[in-house]
Number of protein chains: 2
Amino acid sequence: LDLKHTIDYIHQVAPELPVILDAKRGDIGNTNEAYAAYAFDYLGADAITVHPYLGAEALEPFLVRQGKGIFVLCRTSNPGAGEFQDINSLETGAPLFEVIASNVADKWDSIATCGLVVGATYPDELIRVRSIVGNRPILIPGIGSQGGDLETAVRNGRSSSGGGVFLNAARSVLFGSANADFADAARTEASRLDAAIRKVR
Amino acid sequence: LDLKHTIDYIHQVAPELPVILDAKRGDIGNTNEAYAAYAFDYLGADAITVHPYLGAEALEPFLVRQGKGIFVLCRTSNPGAGEFQDINSLETGAPLFEVIASNVADKWDSIATCGLVVGATYPDELIRVRSIVGNRPILIPGIGSQGGDLETAVRNGRSSSGGGVFLNAARSVLFGSANADFADAARTEASRLDAAIRKVR
């Protein structure tokens, strides 16, 4: 309920801002139906992150949602991301994260807007994924506490028109201060990141 | 809270039964810390299912839990499971789901008991995974509403000592009846499945 109140409040005070639920969901279709209903109908989120492992068939309940955004995990921001994501395909020679980007861009028949998640901590992979997915949106975590470079992430991730990137920071904004001024500290950090992103774009 | 009450009740009336939370979680380490605390410390679950996509490094908060079980998604039960799970590795020629089984069995240094999830709807893949993971437990969904064959699943999934398989059914048990006798219907279906599994083992 706290999450719903938070999202309701964001929609009320900033209706132009999309709310992206970084929930990393991914189950069989029957269960994804309920996740999609919870995220979009109950919570009122505008987009959600999902795991690709079960394939497009299982993700159908998300992909058919007109007006919603689906961000598919492609290259995650964590240090050990390469264990499976870097496995090269015998058929094409491309690593798994690129196969996922290609399938989403070329084969997934999505009514929702379908983008990818690529961590700022992997700037070279960001260039690769942008070259595969055209103008599709890319959600880029990792510029805050995880230490990814913001400028490089924007430069490497932006589309040919200079857009298509959503950079998110959680802990560095949420925990800017442990004292009573936490709200001001969060605002300061968010504004700083916003200005830095706009400068590079 | 309903989920916690349900789990508390199961532990109370059937303390010998492990409660496996089929939550399919998988995030960066920092977030997995909170998921592990929620599943094991708050809910009191004995095991949880997780996504392999971020690798062992991210799953560490689950893997370090002594006395708990971690079931890693390997071959999922849905019709479109092969989209990425069947991609063959350039290095070894093995499909992704087998690479995951190999890594979990040979490379993941887990304090928790670490098993795999393989759908009953893929009996040949079940043989492959069992041959890779030795005596590790395999969680096998798909014998209920999804139509996987129970006998074949037990035969193909069991370890050399005839154990190591957990077969789960959800909808066929939960929704055995839409009327006031739903509890009896659930018991009847669960008993039927239990007897059928014991007969094959």
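These remarks concern the structure in this document. Every value quoted in this text rests on a predicted model; they were computed, and no experiment measured them. (Residues numbered from 1 in each chain as written. Chains lettered and ligands numbered in written order. Predicted model: local features only at pLDDT ≥ 70, side-chain atom pairs only at ≥ 80, totals over all residues. Heavy atoms only, no water.)

## A few points about a negative patch on the surface
A cluster of acidic side chains, namely E33(A), E57(A), E60(A) and D109(A), defines a negative patch on the protein surface. Positionally, E57(A) belongs in helix α3 (residues 56-63). (Patch = residues over 30% accessible without salt bridge, like charges linked within 9 Å, V, L, I, M, F, W, Y side chains within 5 Å. Areas by Shrake-Rupley, 256 points an atom, 1.4 Å probe, with all protein chains shown as cover. Salt bridge = Lys/Arg side-chain N within 4 Å of Asp/Glu carboxyl O. Lys, Arg positive; Asp, Glu negative; His and termini not counted. Charge placed at Lys NZ, Arg CZ, Asp CG, Glu CD. Helix = DSSP H or I, 4+ residues; strand = E, 2+ residues; numbered from the N terminus.)

## Focus on the interface of chain A and chain B
Taken together, the contacts link 41 residues of chain A with 41 residues of chain B. Carbon and sulfur atoms make up 57% of the area that chain A and chain B hide from each other, which totals about 3500 Å². Between the two partners, chain A and chain B, sit 2 salt bridges. Among the salt bridges present, the one from K24(B) reaches D27(A), with a minimum N-O distance of 2.9 Å. The tally of links between chain A and chain B comes to 26 residue pairs in polar contact (both at pLDDT 80 or more). (Contact = heavy atoms within 4.5 Å. Buried area = accessible area lost by both parts, 1.4 Å probe. Polar contact = N/O pair within 3.5 Å; in protein donor to acceptor, adjacent residues only side chain to side chain.)

## Remarks on helix α9 (residues 182-200) of chain B
Residue and element names in this part refer to chain B. The terminal C-alpha atoms of α9, which comprises 19 residues, lie 27 Å apart, in line with the 27 Å expected from a rise of 1.5 Å per residue. Every buried residue belonging to α9 is among A185, A186, E189, L193, I197 and V200, and all of these are buried. Projected down its long axis, α9 carries its buried residues within an arc of 105°, all on one side. For α9, exposure combined with an orientation more than 90 degrees from the buried face picks out D184, R187, T188, R198 and K199. Structurally, α9 contributes buried residues whose contacts are with α7 (150-157), β6 (165-167) and α8 (171-174). (Expected span 1.5 Å × (residues − 1). Buried < 20%, exposed > 50% of the residue type's maximum accessible area, 1.4 Å probe, protein only. Arc of directions from axis to C-beta.)

## Some thoughts on the sheet that holds strand β6 (residues 165-167) of chain A
All names here are of chain A. Spatial ordering of the open sheet is given by β1-β2-β3-β4-β5-β6, a layout of 6 strands whose pairing is parallel. Of all the strands in the sheet, the pair left with one neighbour each is β1 (20-25) and β6. When strand polarity is set aside, the average angle formed by the axes of neighbouring strands in this sheet is 25°. Sheet topology note: the β1/strand β2 (residues 47-50) ladder contains 3 bridges and is parallel. Within β2, the position partnered with L21 by the bridge is I48. (Pairing = 2+ DSSP bridges. Axes fitted to C-alpha atoms, helices over the stretch in contact; angles between N-to-C directions.)

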